Amino acid sequence: MGTTPVEQQVIVTPAAMSDSDAMGLALAEAASAVAHGDVPVGAVALVDGMVIASRHNERELTGDPTAHAEILALADAAASIGSWRLSEVTLVVTLEPCPMCAGALVASRLGRLVYGASDPKAGACGSLYNLCTDPRLNHEIPVTAGVRAPEAAALLTEFFGARRQQR
């Protein structure tokens with residue numbers, strides 16, 4: 001009897017999602033916030049290019065002042081991986097995080113931050129402050145800014161323009 005060739009097992013792994021593609025998901029998430037009157041900010045958490053959490057602002061919806069997209073996505077990511085240490089997580093958010101959110105990113109030991117639009121009035125990752133890369137803190141986060149920034153800014157401009165017209 002002859003031997004049969006051993007079949008090679010091909011393992012297919014999903015391609016890592018690009019920053020631009022992940023920002024597309026965050027932008028779609030941000031648009032969901034408008035339905036309940038929240039500022040359209042969305043966040044997506046990834047590990048090895050796979051989405052493990054996706055949230056949008058819910059302050060108006062829940063009445064919780066800490067219900068920013070970033071904070072909610074961090075909590076979901078931590079639950080997903082079973083640890084508060086998020087060193088393997090990339091967070092992609094449509095708007096530069098505020099001081100509260102930037103502090104939470106540092107405290108969670110986030111692996112990487114990607115954001116779209118800068119926030120000159122409240123941004124804490126390069127605009128007003130730079131908490132994510134402050135060497136005086138116990139953790140520094142690599143930051144990629146400006147990914148699909150015009151689209152992220154347009155969502156916010158449209159939202160606040162519509163609000164002004166309602167008044």
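Because the structure is a prediction, the values reported are computed rather than measured.

The next thing to look at is the overall build of the protein chain. The secondary structure content of the protein chain amounts to 5 helices and 5 strands. Taken from N to C terminus, the helices and strands of the protein chain fall in the order α-β-β-α-α-β-α-β-β-α. Contacts in the protein chain between residues far apart in sequence, at least 24 positions, make up 57% of those at least 6 positions apart. Roughly 9200 Å² of accessible area belongs to the protein chain as shown, and the carbon and sulfur atoms make up 55% of that amount.

We now examine the environment of R167. Relative to the elements of secondary structure, R167 occurs in the segment after helix 5 (149-166). Since its relative accessible area comes to 78%, R167 is described here as exposed. As for R167 and C132, which are separated by 35 residues in sequence, their C-alpha atoms are 37 Å apart.

With that settled, consider the confidence of the model for the protein chain. Residues with a pLDDT of 70 or more make up 91% of the protein chain, whose mean pLDDT is 93. Predicted confidence is poor over residues 1-13, with pLDDT under 50, and the contacts of this stretch with residues over four places away or in other chains come to 0 contacts.

Taken in spatial order, the 5 strands line up as 2-1-3-4-5 in an open sheet, and their pairing is mixed. Strands at the two margins of the open sheet, each flanked by one partner only, are strand 2 (50-56) and strand 5 (143-145). Shown here is a sheet whose adjacent strand axes are inclined to one another by a mean of 15 degrees, direction ignored. Where strand 4 (residues 112-117) and strand 5 come together, 3 bridges link them in parallel fashion. Looking across to strand 5, one finds that V114 is bridged to T144. The sheet strands contacting helix 5 are strand 3 (89-95) and strand 4, and the helix crosses strand 4 at an angle near 60 degrees.

It is worth spelling out the side chain of D38 at this point. Along the chain, D38 falls in the loop between helix 1 (19-33) and strand 1 (42-47). This buried residue, D38, is left without a salt bridge; R59 holds the nearest opposite charge, at 5.0 Å. Only 2.7 Å separates the side chain of D38 from the backbone nitrogen of E60, close enough to count as a polar contact. Those residues in contact with D38 that sit more than four places away from it in its chain are A33, N57, E58, R59, E60, L61 and F159.

About the cut-offs
Residues numbered from 1 in each chain as written. Predicted model: local features only at pLDDT ≥ 70, side-chain atom pairs only at ≥ 80, totals over all residues. Heavy atoms only, no water. Helix = DSSP H or I, 4+ residues; strand = E, 2+ residues; numbered from the N terminus. Contact = heavy atoms within 4.5 Å. Areas by Shrake-Rupley, 256 points an atom, 1.4 Å probe, with all protein chains shown as cover. Buried < 20%, exposed > 50% of the residue type's maximum accessible area, 1.4 Å probe, protein only. pLDDT = per-residue confidence, 0-100. Pairing = 2+ DSSP bridges. Axes fitted to C-alpha atoms, helices over the stretch in contact; angles between N-to-C directions. Lys, Arg positive; Asp, Glu negative; His and termini not counted. Salt bridge = Lys/Arg side-chain N within 4 Å of Asp/Glu carboxyl O. Polar contact = N/O pair within 3.5 Å; in protein donor to acceptor, adjacent residues only side chain to side chain.

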